Amino acid sequence: MRKVERPPGTVVEGRRRGVARVAAEEEPPFVERPLPDPPDPGRTVKVGRLRSDDRGSWGRADRMGAMSRDPLLVRARGLWEGLARVPVSFAPTGGVSVVVSPESGMCPVGWVGVVALGGSAIVTVPSARAAVIVRDAVAGLSVEDVVDGVAVREVLPVARVLGPAALAYVSAEVFRPVEAGASTVERLPTSHPELRLLERAAGREDAGEAALDEITSPVFVVREHGQVVAAAGYRAWPSRTAHIGVLTAPGARGRGLARVTGSATVAHALAAGLLPQWRARPPASRRVAAVLGFEELGSQLSVEIAG
């Protein structure tokens, strides 16, 4: 998510297992564009390895094949394959696919974008030169390690990292709505001045994470003592996806208000036939998503190669 314009070089370092918060400085990956001609068009190389378990690699491949047929995973993969903006697909039985895409919507311009979903990963790189470096590096990594900032730093000359962030999705069948209880949920337009007050109260980093000013849906809010203390909504992404943002004032946290506003947002998205996507780094945000029925299907990582 992105809200605040940050100067070049503003970075939050990635840490293992997605506990770092990220400030995305890229052009948002919501604008669909014609596919560009990559420097090496049509070339997709599948590399990487799977971690084996006690049942062996064939058992793992069978499970991944079954997973790849899950409707929720199919829709999520379709979203990110489109954001790659060149022909690429997640391998049905695991592995990492690397492709050149200078206009990738998976990461900031000129960076390497990595998305792992359901045991497979796709990687976009900005140039043929970068492709050589990245393909050699990830050949020795598992799918899990490709979206691990620490592991990637061990094999690539990294200048900056954004992420990793967990990617979670929910369907209407497993969505668990949360009742508002004593709270009243109202709707406000994205431009409402009270939302700007909430952003200032929450601070620049949290406000940038939620990106309330980019929401295209109604903003669902809860008030206390006449002031908006929690808000949530979604921005329409390609492939009929609803990218959700939630923000709660510091003094109102820990009381379930994010669940209430988030629940109203998810219900609105599902009623419109959209796929709700919850992209989160902070553990607290990931817990809210889990309460609402979201399933973490993978992770996203962006890397700028040094030099």
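Each chain carries its own residue numbering, running from 1 in the written order of its sequence. This being a predicted model, a pLDDT of at least 70 is required before a residue's local features are given, and a value of 80 or more before pairs of side-chain atoms are given or counted; all residues contribute to the totals for chains, interfaces and linings. For side-chain calculations, the full set of non-hydrogen atoms in the structure is used, while hydrogens and water are omitted.

### Some thoughts on the overall build of the protein chain
- Looking only at helices and strands, one finds nine helices and 11 strands in the protein chain.
- For each residue, the accessible area found with a 1.4 Å probe, counting protein chains only, is set against the maximum for its type, and the residue is called buried under 20%, exposed over 50%, and partly exposed in between. The buried share among the 307 residues of the protein chain stands at 54%.
- Contacts in the protein chain between residues at least 24 apart in sequence constitute 74% of all its contacts with a sequence separation of at least 6. Helix and strand labels come from DSSP, where a helix needs a run of H or I of at least four residues and a strand needs a run of E of at least two; each type is numbered from the N terminus. A contact between two residues is defined here by any heavy atoms of the two lying within 4.5 Å.

### Focus on the nonpolar core
- Nonpolar cores were defined as sets of buried Ala, Val, Leu, Ile, Met, Phe, Trp, Tyr and Cys residues, with membership established by side-chain atoms within 4.5 Å. Val96, Val112, Val123, Val125 and Val134 are the most contacted members of the largest nonpolar core, which totals 25 residues.
- Counting only elements with at least two residues in this core, the list comes to β2 (95-100), β3 (112-117), β4 (120-125), α3 (128-138), α4 (143-146), β5 (158-169) and β11 (295-305).
- Per element, the largest residue contribution to this core is five residues, and it comes from α3.
- Beyond its immediate chain neighbours, meaning those up to four positions away, Val125 contacts Val98, Val99, Val100, Ser101, Pro102, Trp111, Val112, Ala130, Ala131 and Val134.

### Quick word on the packing of aromatic side chains
- Classification of ring pairs uses Phe, Tyr and Trp, with its six-membered ring standing for Trp, and accepts pairs whose centres are within 6.5 Å; under 30 degrees between planes counts as stacked, over 60 as edge-to-face, and the remaining range as tilted. For the structure on display, the rule yields two aromatic pairs.
- Geometrically, the ring pair formed by Trp80 and Trp237 is edge-to-face, given 5.8 Å between the ring centres and 75 degrees between the ring planes. Of this pair, Trp80 sits in helix α2 (residues 71-84) while Trp237 sits in strand β8 (residues 227-237), and the two are 157 residues apart along the sequence.
- A centroid spacing of 5.4 Å and a plane angle of 65 degrees characterise the contact between Trp278 and Phe294, whose relative ring orientation is edge-to-face. Placement of the pair is Trp278 in strand β10 (residues 275-280) and Phe294 in the loop between α9 (283-291) and β11, with a sequence separation of 16 residues.

### Remarks on the pairing of β2
- Counting buried positions over the six residues of β2 gives six, a clear majority of the element.
- Going residue by residue along β2, you find Gly95, Ser97 and Val99 tucked away on one face and Val96, Val98 and Val100 tucked away on the opposite face as well.

### Here we look at the layout of surface pockets
- The computed volume of the largest pocket comes to approximately 580 Å³.
- Along the wall of the largest pocket there are 26 residues; nearest its centre are Thr248, Ala258, Ala284, Ser285 and Val288.
- Contributing elements (two or more residues each) for the lining of the largest pocket: α7 (204-210), β9 (241-248), α8 (257-271), β10 and α9.
- In terms of residue count, β9 provides more of the lining of the largest pocket than any other element does, five residues in total.
- Class assignment of the residues belonging to the lining of the largest pocket gives a composition of 13 nonpolar, five polar and eight charged. Site definitions follow a grid-based scheme: protein atoms alone, a 1 Å grid, a 1.4 Å probe that fits but cannot get out for cavities, and for pockets an open set with protein on both sides within 12 Å along at least five of seven lines, plus lining residues having an atom within 4 Å of a point. Grid points are joined across faces, edges and corners, and a volume is the space filled by probe spheres set on the points. Here the nonpolar group is Ala, Val, Leu, Ile, Met, Phe, Trp, Tyr, Cys and Pro; Asp, Glu, Lys and Arg are the charged ones; every other residue, Gly included, is treated as polar.

### Section: the pattern of salt bridges
- Definition used for salt bridges: Asp or Glu carboxyl oxygen within 4 Å of a side-chain nitrogen of Lys or Arg. Under the criterion given, the structure shown has nine salt bridges.
- Across the pair Arg160 and Glu304 runs a salt bridge whose closest N-O atoms are separated by 2.5 Å. Note that Arg160 is positioned in strand β5 and Glu304 in strand β11, a separation of 144 residues in sequence.
- Looking at Arg160, the relative accessible area reads 16%, which means it is buried.
- The salt bridge involving Arg196 is made with Glu199; its shortest N-O contact spans 2.7 Å. Within this pair, Arg196 and its partner Glu199 are both found in helix α6 (residues 193-202), separated by three residues, close to a single helical turn.

### Re the side chain of Ser104
- Residue position: Ser104 is located in the loop between β2 and β3.
- Relative accessible area serves as the criterion here: at 7%, Ser104 is assigned to the buried category.
- At 3.1 Å, the side chain of Ser104 and the backbone nitrogen of Met106 are in polar contact.
- If we ignore the near neighbours within four places in the chain, the residues touching Ser104 are Leu83, Ala84, Arg85 and Thr124. Side-chain atoms alone can form a polar contact between residues adjacent in sequence; in general such a contact is a pair of N or O atoms within 3.5 Å, and within protein one must be able to donate a hydrogen while the other accepts it.

### Concerning the environment of Ser302
- Relative to the helices and strands, Ser302 is located in strand β11.
- On a C-alpha basis, the gap between Ser302 and Val114 in space is 6.1 Å, while along the polypeptide they are 188 residues apart.
- With residues up to four places along the chain from it excluded, the contact list for Ser302 reads Met106, Cys107, Pro108, Trp111, Val112, Arg160, Val161 and Leu162.

### Re the side chain of Ser142
- Along the polypeptide, Ser142 turns up in the loop between α3 and α4.
- A relative accessible area of 0% places Ser142 in the buried class.
- Within the local environment of Ser142, its side chain forms a polar contact with the side chain of Glu144, the two groups lying 3.3 Å apart.

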